[in-house]
Amino acid sequence: MPSSDHLRAAVRDIPDFPKEGILFKDITPVLADGKLFHDCITLLCNTAGDQVIDKVVGIDARGFIFAAAVADRLGVGFVPVRKAGKLPWKTRGLAYSLEYGENVIELHEDAVLPGEKVLLVDDLLATGGTAAAAAELITSLGATLVGASFFIELEDLAGRAKMPPCPIHSILKY
Ligand code: AMP
């Protein structure tokens with residue numbers, strides 16, 4: 001299994017973006033390097049262990065990059081959780097607050113089916129508001145959340161505590 005040290009070295013800290021007081025974790029240098037991105041997706045896939053997974057759900061927008069690659073590697077479908085007003089069909093939505101601002105996210109009502117085993121993947125776990133809302137949408141449709149995996153976790157913000165009980169993994173902890 002690849003180590004994560006080279007990934008940590010590539011994540012760029014941007015102070016006061018997009019607002020004063022936020023230390024933004026810029027993951028674009030990881031995405032731009034083929035080996036780093038490949039290793040990152042390998043590590044995220046490994047968090048699933050040998051669990052059966054039917055769908056990978058990714059969160060708008062950076063989460064899509066990781067979740068879609070994980071879904072493809074696992075050979076399963078990808079489902080987008082999107083910001084309000086972006087999905088064209090029947091949706092279920094939920095409002096939540098995030099580290100900077102407020103948001104509403106939506107999921108197509110038929111995107112996950114009752115009984116399906118779902119892995120949630122996002123770029124970063126901060127306060128956990130986004131992931132917890134996505135988890136609630138997934139389970140409200142009758143699917144089972146078998147895990148939530150993040151490239152980065154900001155441990156001080158205690159996002160894990162907001163998540164429903166399920167295995168939670170992150171590749172880089174700060
Ligand atoms: P939260 O709901 O607070 O866990 O926020 C999670 C989402 O906000 C993630 O999907 C990130 O894309 C974004 N985000 C929050 N804080 C940061 C940060 N410090 N650096 C980069 N992205 C962040």
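As the structure is a computational prediction, the values presented were derived from the model and not from experiment. (Residues numbered from 1 in each chain as written. Predicted model: local features only at pLDDT ≥ 70, side-chain atom pairs only at ≥ 80, totals over all residues. Heavy atoms only, no water.)

Caption draft 1: Just helix α5 (residues 129-140), in detail. Look at α5: 16 Å from first C-alpha to last across twelve residues, which is about the 16 Å you get at 1.5 Å a residue. Burial runs high along α5: nine of the twelve residues are buried. Taken together, the buried positions of α5 are occupied by Gly129, Thr130, Ala131, Ala132, Ala133, Ala134, Ala135, Leu137 and Ile138. In this fold, the buried residues of α5 make contact with β3 (55-59), β4 (77-83), β5 (91-97), β6 (102-108), β7 (117-125) and β8 (144-153). Of the residues flanking the end of α5, it is Gly142, one or two places downstream, whose phi is positive at about 95°. (Helix = DSSP H or I, 4+ residues; strand = E, 2+ residues; numbered from the N terminus. Expected span 1.5 Å × (residues − 1). Buried < 20%, exposed > 50% of the residue type's maximum accessible area, 1.4 Å probe, protein only. Contact = heavy atoms within 4.5 Å.)

Caption draft 2: View of helix α3 (residues 34-46). Spanning 13 residues, α3 covers 18 Å between terminal C-alpha atoms, matching the ideal 18 Å at 1.5 Å per step. Residues of α3 that are buried include every one of Leu36, Asp39, Cys40, Ile41, Thr42, Leu43, Leu44 and Cys45, and no others. Looking at the buried residues of α3, the elements they touch are α1 (5-10), α2 (28-31), α4 (62-74), β7, β8 and β9 (168-173).

Caption draft 3: Region of the structure containing the packing of aromatic side chains. For the structure shown, the criterion picks out four aromatic pairs. Judged by centre distance (5.1 Å) and plane angle (85°), the ring pair of Phe17 and Phe24 falls under edge-to-face. Taking the relative accessible area as the measure of exposure, Phe17 reaches 43% and is therefore partly exposed. The exposure class assigned to Phe24 is buried, which follows from its relative accessible area of 13%. Ring geometry for Phe37 against Phe66: centres 6.2 Å apart, planes inclined by 75°, an arrangement best described as edge-to-face. In this pair, Phe37 sits in helix α3 while Phe66 sits in helix α4, placing the two residues 29 residues apart along the sequence. Linked through ring pairs, Phe37, Phe66 and Phe151 together constitute an aromatic cluster. (Phe/Tyr/Trp six-rings, centres within 6.5 Å; stacked < 30°, edge-to-face > 60°.)

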